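Residue-level structure breakdown
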Amino acid sequence: MEIILVQTIVNGLMVGMIYVLMAIGFTMVFGIMRIVNFAHGEFYMAGAFLFAILYGSNNLPFFISVLLAVGATALLGLLMERIVFRKFRGNELNGMIASVGVALILQNSALLLWGSSARTVPPVISGVLSVGGIVFPWSRLVVIIGAIVAVVSLNLLIGHTRIGRAMRAVAQDAEIAQVQGIRVDIIFPVAFVLGVSLAAFAGVLMAPVLSVSPFIGLAPTLKAFVIVVIGGLGSVPGAVAGGLLIGLIESFAGTFVSASLSEILQFLVVIAVVLLRPQGLLGRKEREA
Amino acid sequence: MNSPATKPMPYVGVTIAVGLAALLPWFAPNQFYVHLATVGCINLMLVLGLAIIARAGQLSMGHGGFALVGGYVSALLSMKGWPPLLTPFIAGLAAAVIAAALGWIILRLRGVYFVLVAFAFSQIAVLLALDMSSVTGGANGLVGVPPISIFGYVLRAKPQFYPFALVCALTTLLLTWLLYRSPLGTMMAATAENQRLTESSGIDTHRVQVIAFTIGSGIAGFAGALSTHYLRFISPDSYTFWESVSYLTMLVVGGRDGVLGPVVGVLVLTPLPELLRSTEGLQHIIYGAVLVLCLMFVPNGLASLVQIWRSRQRVARTSAALVAEEVP
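What counts, and where the lines are drawn
- Residues numbered from 1 in each chain as written.
- Chains lettered and ligands numbered in written order.
- Predicted model: local features only at pLDDT ≥ 70, side-chain atom pairs only at ≥ 80, totals over all residues.
- Heavy atoms only, no water.
- Helix = DSSP H or I, 4+ residues; strand = E, 2+ residues; numbered from the N terminus.
- Rg over C-alpha atoms; globule rule 2.2 N^0.38 Å.
- Buried < 20%, exposed > 50% of the residue type's maximum accessible area, 1.4 Å probe, protein only.
- Contact = heavy atoms within 4.5 Å.
- Areas by Shrake-Rupley, 256 points an atom, 1.4 Å probe, with all protein chains shown as cover.
- Lys, Arg positive; Asp, Glu negative; His and termini not counted.
- Charge placed at Lys NZ, Arg CZ, Asp CG, Glu CD.
- Disulfide = S-S within 2.5 Å.
- Expected span 1.5 Å × (residues − 1).
- Polar contact = N/O pair within 3.5 Å; in protein donor to acceptor, adjacent residues only side chain to side chain.
- Core = buried A, V, L, I, M, F, W, Y, C linked by side-chain atoms within 4.5 Å.

A word on the overall build of chain B
Summing up its helical and strand segments, chain B has 15 helices and four strands in all. In terms of overall size, chain B behaves like a compact globule, its C-alpha atoms giving a radius of gyration of 21 Å where 328 residues would be expected to give roughly 20 Å. Taken along its principal axes, the extent of the C-alpha atoms in chain B is 85 × 55 × 40 Å. The buried share of chain B, taken over its 328 residues, is 52%. At a minimum sequence separation of 6, the contacts of chain B that also span at least 24 residues come to 77%. Of the roughly 14700 Å² of accessible surface on chain B, 68% is carried by carbon and sulfur atoms. Of the charged side chains in chain B, 17 are positive and 11 negative, and the gap between their average positions amounts to 6 Å.

Quick notes on the state of the cysteines
All names here are of chain B. The tally for this structure, following the rule as stated, stands at zero disulfides over all chains. We note that Cys168 lacks a disulfide partner, and the nearest cysteine sulfur, in Cys41, lies 8.8 Å from it. The exposure class assigned to Cys168 is buried, which follows from its relative accessible area of 12%.

Digging into helix 2 (residues 31-55) of chain B
Residue and element names in this part refer to chain B. For helix 2, built from 25 residues, the straight-helix expectation of 36 Å at 1.5 Å per residue is met to within 8% by its first-to-last C-alpha distance of 35 Å. Of all 25 residues in helix 2, 20 are buried, a share of seventy percent or more. For helix 2, the N-terminal capping position is held by Asn30, with its side-chain oxygen 2.9 Å away from the main-chain nitrogen of Phe32. Backbone geometry just after helix 2 places Gly57 at a positive phi near 90°.

Considerations on the nonpolar core
Soluble globular proteins tend to bury their nonpolar side chains together. Among the nonpolar cores identified, the biggest contains 186 residues, and A:Leu21, B:Met45 and B:Met61 are the most heavily contacted of them. Broken down by element, this core gets its largest block of residues, 17 residues, from helix 1 (residues 2-33) of chain A. Excluding residues within four positions of it along the chain, B:Met61 makes contact with A:Phe38, A:Met96, A:Val100, B:Val115, B:Ala118, B:Phe119, B:Ser122, B:Phe241, B:Ser244 and B:Leu248.

Quick look at the structure:
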């Protein structure tokens, strides 16, 4: 029983940390550009796919594969920001619909390029770590550690660098930030590319744990939505708390009850949060316009 | 609100269009076109439902979820022996009741939050359809849904179903048009335009939005039921997120104001996937590109082009008249 419990928690944390990565990128893009990015999961899919090709099929060294996969996806994100998202920033409804169009384009381009068959990627470190009779598979620990490293570095970047300060200022009020001399036109693409890179990195981390196909993007997008509604749209700590909460709910319900019950439970959590605290658990109230 | 379609459409044009649509089965080269037209009628109802929700300033990414609910309700009841002419109405009502309850809770939220929760709802609907396999048949769905029969006349084949679908679609169109012209329609438009201002003039905008969401989702439930009786089949895959997206695309491409926009959107986008059927992935890429390009360059939809063209003509006429006046 104890072993199952610990295993469930480790699984929950792994899934939760991936959701945290997805939700942070999602919430950042919304916080700064006011765009709900329905294509967020497609960048996750792109990251996972590129990693599967570079590391899985072509046997490139691990770190180079990670860098290339995330870098190429970031470039794709930059391109999309330039062509599409930039035109819709601040326009919440049209920006969201446009992102759905981008999702359709990206998902089906992957389908054309790489086919619909699922690919598997060998684990980065095989074997298990055993502590006091309880075993942790390394493949899962790598995901948790990788995600923690990403979240901590992002936090340092936002909290302690000039560009991070500028991003926070733009998130609070883009117009006033501009008046203060912040180059808003640079902050938007930076935030978007950062968000996309986090999604791509999440995809890279998950590639060895699940099978990679063009259709894996939608589920994490939905999760990112659910999480940011729970945590508060635009709130990074909210994304962390919401992500871990949803990961644990999913893992526990999946182990002890059923997977679809877990989805319904998450939906009920969302409804409850919306009823009791519409701005989300850690979100600030929207200022009256 | 002075949108093109709130004015009466030219009656002659409407009569000719309806007449042509009604005669389609006689001059269509083959049955496939009749099928396409039937799908178009069902799509038009779904997009009109979405348009009503949009009229009150909200978008629903869960529209397919309500069509799915409607399809299952109607299929299950008719398979239990209820008359299939009646069950689509019960299906519409069921979808409307769910929408009213859900909307009452989540329509307090501003635009994007609402969309997220509606989207989550449609995912739940698909999951429930998959999970409750003893009732819904799980992933296999329900096969052999009874056809609709009107006073003993069974609408089994395509040419028989099409007139019925057309009548349903035109009725929905007419009712939507009347709704837009009613005081409630005006309140909906005002809510979309400026919620705070509308509120300050004593209108309960939350209630207006809940009503719009209920009507729009009810229509989706009804249309989902019709489609189920037409295809005689429903499964969790019948209405997924991507179906919701395609209705939204039709609305955006056609235009969100008035009833002309949905008609244009459906006419343009219903045949598109069929024309591109041989290229599975490309079809969706083109769909996505059309959506993005329309939002960028024709944000008010193709129907707005007619309006622009008309006002240009008016300007040209007026200036020509002015010039004529000045020249002796």
